[in-house]
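Fold and contact review
Below are the chains, spelled out letter by letter.
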Amino acid sequence: MPVKWLLHWQPNQGSTFSSQILNEVTQSIESLNGVKEGTWKATLNYYKPMLQDQANQAEFPREFVGISLLEEPDKYYFVIRSQRIVVEADSSIQMIMESLQSYKCKLSFYFEGLEYQLGDFRLRVGKVVPTHAETIRGVVMEVEYLPISSMGMAKKLMEEFLEIWQEAMSKRSLPGKFVNKELNFEKFGLGDNYTPQHTAVGYAFFMANLMAAIQAGRG
Amino acid sequence: MSMECVVQGIIETQHVEALEILLQGLCGVQRERLRVHELCFKSGPNLGVVSSEVRLLCDLDQPEPTWTVKHVGGPMRGAGADQISVMVRTMIESKVSKNALRMFYALGYKLDHELLKVGFAFHFQRTAHISVSVSSVNKMPKVHAVDEAVPVTPGMQIVDVTAPATPENYSEVAAAVSSFCEFLAP
C-alpha cells in the first residue's frame, strides 16, 4: 500500500478554524493542476465502557476508537493509543461489539471530501464533522505517494512535497498551515511497510490533536 | 444477523479412526488438520450492564497463527426451537489481527478459561455448508502454555457438527445438519 501522511491543520496563535480553509485548500490543489477523481469518506467512532460503577472508570481505556476506511470496506480498525494497540478486524466485529454491550459508541466523526491525483501523489482533503451535527470541526489532508510502500524510502519525497504544498498555501494568507506529525509506529508493532493499520493509528492521533485544540480554543 | 446450527457429541478415542473413515466417505473432501487454541473471555465485574463473553480462536495449524473473534448467543427458545433437534443460536465471528488478545485484556475482559483442540475436520456442502470436527480437548497447566496442554478426558473426544445460518434459512440448515447426523448416530 502506498505511503500516506496525514496532515494536521495547525492554526496560528489566537486564530480559530474556519470552513473557508477547506475551500482554499481545494483551490490550491486545483491551481497545482490536481485532477479531481472523486469523493472519499472515513469514519471514527469513540467507544465508552458501560460501567456499573463510574468510580472505577480509570481501570478502562480513556480513549478507545474504531475506524472505517474507504479503501478497506470490509475491515474495521480499533486503536487504544494509551496502550499502543491497533487491531485490524472484519467489519463484522462491529456487530460483535454491539452484541457484547460492554462498550458503546458515544461519539462519531466523519472525514469526507474530495480526492485528487497530482502526478505520483494522491491527495485527499476533507472536513471533519461530528455525525450528530453539521459544524465543521477541522480539516484533514491525506497525502499518498503512490509508487512507494516503504515509509523510510518515501520520507524525503514526502518532505519535499510538504514544502511545496506549504509554500502554495502560504500565498493564500490563511491563519495557519498544514504540518505532518511524525508518529512512532514501531510502538504499535507496525513496520516500515505502510498498511491500513498505520492509517488507523494516524487518524486516532489526528483526532486526539484536534480534540485537544478544540478544548484549548474553548479554554 | 448471523446464526449457526450445532450438534455436539462425544466419541471414545478408540473409535475415532473408524469415524474418520466414515466421514471421509460421507463428506467426499480431504480432511484438514485442526489445532485451535480457544481463549474464552468474560467481562470483568464492573464492565457492562450485563456480563458478556467472547472467544478468541487462534488457528495454530497455519504457518502464521491466525486469529478469529467469535461471539455466541444462547440457544433459541420457544415452541419453534422445541421442534428442532439441532441447537440454533446467534453466532458472529470476525477475523482479527494478532493484537486482539491484548486489546480484550485492555478493554477489561478477563480470561475465563482456555483450551487447545487438536484433531481433524471436514468442510463440505450438503444443502448447507457443514463442518464436522473431531478433536481432543486439552487444558493448559499454565496460562497460554499451549505446548504443555494435556487432554481433559483422555479416552474421549468431541464431535462438533456446525453450519452457518441466517434467520431466513435456519430451518433448512438445521434439517440438513440433522439429516447428516443420522449417519453418525451409531
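Residues numbered from 1 in each chain as written. Chains lettered and ligands numbered in written order. Predicted model: local features only at pLDDT ≥ 70, side-chain atom pairs only at ≥ 80, totals over all residues. Heavy atoms only, no water.

As named in an unreviewed UniProt entry, chain B is Mediator of RNA polymerase II transcription subunit 18, taken from Arabidopsis thaliana x Arabidopsis arenosa. In UniProt, chain B has this text filed under Sequence similarities (unreviewed entry): "Belongs to the Mediator complex subunit 18 family." (UniProt positions renumbered as here; feature names shortened; annotations may be inferred.)

As annotated in an unreviewed UniProt entry, chain A carries the name Mediator of RNA polymerase II transcription subunit 20 and comes from Arabidopsis thaliana x Arabidopsis arenosa. What UniProt records for chain A under Sequence similarities (unreviewed entry) is the sentence "Belongs to the Mediator complex subunit 20 family."

Now for the packing of aromatic side chains. For the structure on display, the rule yields 18 aromatic pairs over all chains. On the numbers, 5.6 Å between centres and 85° between planes, the contact of phenylalanine 104 of chain B with tyrosine 109 of chain B is edge-to-face. Exposure class is identical for phenylalanine 104 of chain B and tyrosine 109 of chain B. Each is buried. Joined through ring pairs, the aromatic side chains of Tyr47, Phe64, Tyr76, Phe78 and Tyr103 of chain A make up one cluster. Over the face of the ring belonging to tyrosine 110 of chain A we find lysine 41 of chain A, whose NZ or CZ atom lies 3.7 Å from the ring centre. Arginine 81 of chain A extends its terminal NZ or CZ atom over the ring of phenylalanine 205 of chain A, reaching a point 4.8 Å from the ring centre. (Phe/Tyr/Trp six-rings, centres within 6.5 Å; stacked < 30°, edge-to-face > 60°. Buried < 20%, exposed > 50% of the residue type's maximum accessible area, 1.4 Å probe, protein only. Lys NZ or Arg CZ within 6 Å of the ring centre and 35° of its normal.)

It is worth spelling out the environment of glycine 126 of chain A at this point. Residues and elements named next belong to chain A. For glycine 126, the position within the fold is in strand β7 (residues 121–130). The exposure class of glycine 126 is buried, given its relative accessible area of 1%. Considering only alpha carbons, one finds glycine 126 and glutamine 197, 71 residues apart in sequence, at a separation of 20 Å. When residues no more than four places from it in sequence are discounted, the contact partners of glycine 126 are Leu22, Trp40, Glu112, Gly113, Gly138, Val139 and Val140. (Helix = DSSP H or I, 4+ residues; strand = E, 2+ residues; numbered from the N terminus. Contact = heavy atoms within 4.5 Å.)

To locate leftover empty space, one rolls a probe as large as a water molecule over the atoms. Residue and element names in this part refer to chain B. In this structure, the largest pocket occupies an estimated 1400 Å³ of space. Forming the boundary of the largest pocket are 47 residues, of which Glu38, Leu57, Lys70, Glu93 and Thr162 lie nearest the centre. Those elements that provide at least two residues to the lining of the largest pocket are β1 (3–12), β2 (32–43), β3 (53–59), β4 (66–75), β5 (87–96), β6 (109–126), β7 (128–139) and β9 (156–165). With 9 residues, β2 is the single largest residue contributor to the lining of the largest pocket. Residues of the lining of the largest pocket, tallied by class, amount to 16 nonpolar, 13 polar and 18 charged. (1 Å grid on protein atoms, 1.4 Å probe; cavity = no way out; pocket = protein on both sides within 12 Å on 5 of 7 lines; lining within 4 Å. Points joined across faces, edges and corners; volume = space filled by probe spheres on them. Nonpolar A, V, L, I, M, F, W, Y, C, P; charged D, E, K, R; others polar.)

Before going further, it helps to spend a moment on helix α3 (residues 151–170) of chain A. Over its 20 residues, α3 of chain A runs 27 Å from end to end, which matches the ideal 28 Å to within 8%, given 1.5 Å per residue. Buried within α3 of chain A we find Ala154, Met158, Phe161, Leu162, Trp165, Ala168 and Met169 of chain A. (Expected span 1.5 Å × (residues − 1).)

This part covers helix α1 (residues 16–27) of chain B. Residue and element names in this part refer to chain B. Between the first and last C-alpha of α1 there are 16 Å, a value that for 12 residues agrees with the 16 Å anticipated at 1.5 Å per step. Among all positions of α1, only Val16, Leu19, Leu23, Leu26 and Cys27 are buried. Buried residues of α1, seen end-on, are gathered within an arc of 80° and therefore sit on one face of the element. Exposed residues lying more than 90 degrees from the buried face of α1 are Glu17, Ala18, Ile21 and Gly25. (Arc of directions from axis to C-beta.)

So, on to the environment of threonine 131 of chain A. All names here are of chain A. Locating threonine 131 in the fold gives a position in the loop between β7 and β8 (138–145). On a C-alpha basis, the gap between threonine 131 and threonine 195 in space is 26 Å, while along the polypeptide they are 64 residues apart. Aside from chain neighbours lying at most four places away, what touches threonine 131 is Ser108, Phe109 and Tyr110.

All names here are of chain B. In terms of burial, β7 is largely enclosed, as 10 of its 12 residues are buried. Relative to β7, β6 runs antiparallel, the two sharing 11 bridges. Each residue of the ladder has a partner; that of phenylalanine 122, found in β7, is valine 132. If you look at the hairpin formed by β6 and β7, you'll find 1 residue sitting between the two strands, and threonine 127 has a positive phi there, around 70°. Pairing analysis gives 2 bridges linking β7 to strand β8 (residues 150–151), with the strands arranged antiparallel. Looking across to β8, one finds that asparagine 138 is bridged to proline 151. (Pairing = 2+ DSSP bridges.)

This paragraph deals with the interface of chain A and chain B. On the side of chain B, 27 residues touch chain A, which itself brings 30 residues to the contact. Across the chain A to chain B interface the summed buried area is about 2400 Å²; carbon plus sulfur atoms make up 63%. If you sort the residues of chain A by the area they bury against chain B, Gln52, Ile96 and Leu100 of chain A come out on top, with a joint share of 24%. The interface formed by chain A and chain B includes 0 salt bridges. Counting the contacts that link chain A with chain B gives 12 residue pairs in polar contact (both at pLDDT 80 or more). Those elements that place two or more of their residues in the side of chain A that touches chain B are β4 (75–80), β5 (85–90) and α2 (93–100) of chain A. In terms of residues, the side of chain A that touches chain B owes the most to one element, β5 of chain A, which gives 6 residues. When grouped by side-chain class, the residues that make up the side of chain A that touches chain B number 18 nonpolar, 8 polar and 4 charged. (Buried area = accessible area lost by both parts, 1.4 Å probe. Salt bridge = Lys/Arg side-chain N within 4 Å of Asp/Glu carboxyl O. Polar contact = N/O pair within 3.5 Å; in protein donor to acceptor, adjacent residues only side chain to side chain.)

We now examine the pattern of salt bridges. One pass over the full model with this rule turns up 24 salt bridges over all chains. Among the ionic pairs, lysine 155 of chain A bridges to glutamate 159 of chain A, the shortest N-O distance being 4.0 Å. Here lysine 155 of chain A pairs with glutamate 159 of chain A, and both are found in helix α3, just 4 residues apart, close to one helical turn. Between glutamate 148 of chain B and lysine 142 of chain B there is a salt bridge, with the nearest N and O atoms lying 3.2 Å from each other. For glutamate 148 of chain B, a relative accessible area of 40% puts it in the partly exposed group. Members of the salt-bridge network, linked through shared partners, are Lys4, Glu71, Glu115, Arg124 and Glu142 of chain A.

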